[in-house]
Structures are given as C-alpha cells and as structure tokens.
Amino acid sequence: MSIDHGARLPAYIQLADIIEARIRAGELSVGRTIPSESSLQQEFGVSRGTVRKAVLVLRERRLVDTVPQRGTFVLPGDEWQ
C-alpha cells in the first residue's frame, strides 16, 4: 500500500489506516514496536509531522501506546476500538 498524495483523505490518516491494516493482519505483532519515524518517512515519502500525526491517530484508536525513549508498541487486541 502507498500514500496517495493527491487524495482528499489526509496523508496522516492514510498512513494510520495502512499501519492499522498491518496490525490487524498480524504483520506488526502485539507487544512489538511499529517501525521508527524515520523508517516510515522513507517508506511512504512523508514528513516527520505526518508520521507523528498518524501515530497519534493510532493511539486514539487504542492500537498502540508510546513509551518515551523506548518506542511505540502494538497493544493487545482487547484494547482496540
């Protein structure tokens, strides 16, 4: 999947949706970190701000939790909204 920079849906929402799909498909395992900001920037051709907004959306959806200086971890499925 990729980001459609010409779409009406903001890039950060598209990115959050892509990461959510990877979590639900089991590509990103519970208790493990999601890729780093810089990895996501490079993979999807987006800015750091876009990645940070996407992670905020994922936290609001209760799919991930960020631990300062450690990373952003996938939460167990019973936490997901």
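My aim in this report is to walk through the structure given alongside it, one point at a time. (Residues numbered from 1 in each chain as written. Predicted model: local features only at pLDDT ≥ 70, side-chain atom pairs only at ≥ 80, totals over all residues. Heavy atoms only, no water.)

What follows covers the pairing of strand β2 (residues 71-74). Two strands pair when backbone bridges link them, and strand β1 (residues 64-67) and β2 are joined in this way by 4 bridges, in the antiparallel orientation. Following the sheet pairing, D65 is matched in β2 by F73. Linking two consecutive strands that pair antiparallel, namely β1 and β2, is a turn of 3 residues; a positive phi of about 70° is found at Q69 within it. (Pairing = 2+ DSSP bridges. Helix = DSSP H or I, 4+ residues; strand = E, 2+ residues; numbered from the N terminus.)

Looking at the secondary structure, you find L63 in the loop between α3 (48-60) and β1. Judged by its relative accessible area of 0%, L63 falls in the buried class. The spatial distance from the C-alpha of L63 to the C-alpha of A25 is 13 Å, given a sequence separation of 38 residues. (Buried < 20%, exposed > 50% of the residue type's maximum accessible area, 1.4 Å probe, protein only.)

The α-helix advances 3.6 residues per turn, and as a result positions three or four apart in sequence lie on the same side. With 14 residues, helix α1 (residues 11-24) extends 20 Å from end C-alpha to end C-alpha; this agrees with the ideal 20 Å at 1.5 Å per step. Among the residues of α1, those classed as buried are I13, Q14, L15, A16, I18, I19, E20, R22 and I23. A positive phi of about 85° marks G26, the residue just after α1. (Expected span 1.5 Å × (residues − 1).)

Positive phi, normally seen in glycine, also occurs at R62, with a value near 60°. Position of R62 among the secondary structure elements: in the loop between α3 and β1. Given a relative accessible area of 40%, R62 falls into the partly exposed group. One non-glycine residue with positive phi stands out, namely Q69, at about 70°. Topologically, Q69 is positioned in the loop between β1 and β2. Taking relative accessible area as the criterion, Q69 reaches 86% and is therefore assigned exposed.

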